[in-house]
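Results of the structural survey
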Amino acid sequence: MKILHFYQLMNIVKSIRSKIGAILTKIGNIDVSKVQVDPTKDPTHGELATNAAMVFCKVLGLSPRVLAERLIAEISKFDEVE
């Protein structure tokens, strides 16, 4: 059962990473191969985290907070997000 859960989680991570990449590409023409989506170390911080706001804020000319807020607005629409 744990193996099935692992593969389900990895499929969700892959899907979310791809969708975040698409959002970032709409904001600016950037290489999104550095987008990471990983399980959080602290469950009180949710189940998954991404480095997208910190990695791409400078390239896109936005503050990390502004980029994070834009990402949150779009990520909250994903089917995978509750």
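Residues numbered from 1 in each chain as written. Predicted model: local features only at pLDDT ≥ 70, side-chain atom pairs only at ≥ 80, totals over all residues. Heavy atoms only, no water.

A few words now on the nonpolar core. Within the largest apolar cluster, 17 residues are counted, with the highest numbers of intra-cluster contacts made by Ile20, Leu24, Phe56, Leu67 and Leu71. Put simply, the parts of the chain that give this core at least two residues each are helix 1 (2-27), helix 2 (52-60) and helix 3 (64-75). In this structure Leu71 touches Ile20, Ile23, Leu24, Ala52 and Ala53, once residues within four positions along its chain are discounted. (Core = buried A, V, L, I, M, F, W, Y, C linked by side-chain atoms within 4.5 Å. Buried < 20%, exposed > 50% of the residue type's maximum accessible area, 1.4 Å probe, protein only. Helix = DSSP H or I, 4+ residues; strand = E, 2+ residues; numbered from the N terminus. Contact = heavy atoms within 4.5 Å.)

Moving on, we come to a nonpolar patch on the surface. Together, Phe6, Tyr7 and Met10 make up an exposed nonpolar region whose accessible area comes to about 310 Å². Mapped onto the secondary structure, Phe6 falls in helix 1. (Patch = residues over 30% accessible without salt bridge, like charges linked within 9 Å, V, L, I, M, F, W, Y side chains within 5 Å. Areas by Shrake-Rupley, 256 points an atom, 1.4 Å probe, with all protein chains shown as cover. Salt bridge = Lys/Arg side-chain N within 4 Å of Asp/Glu carboxyl O.)

Note that all results are geometric; they support no functional claim without further evidence.
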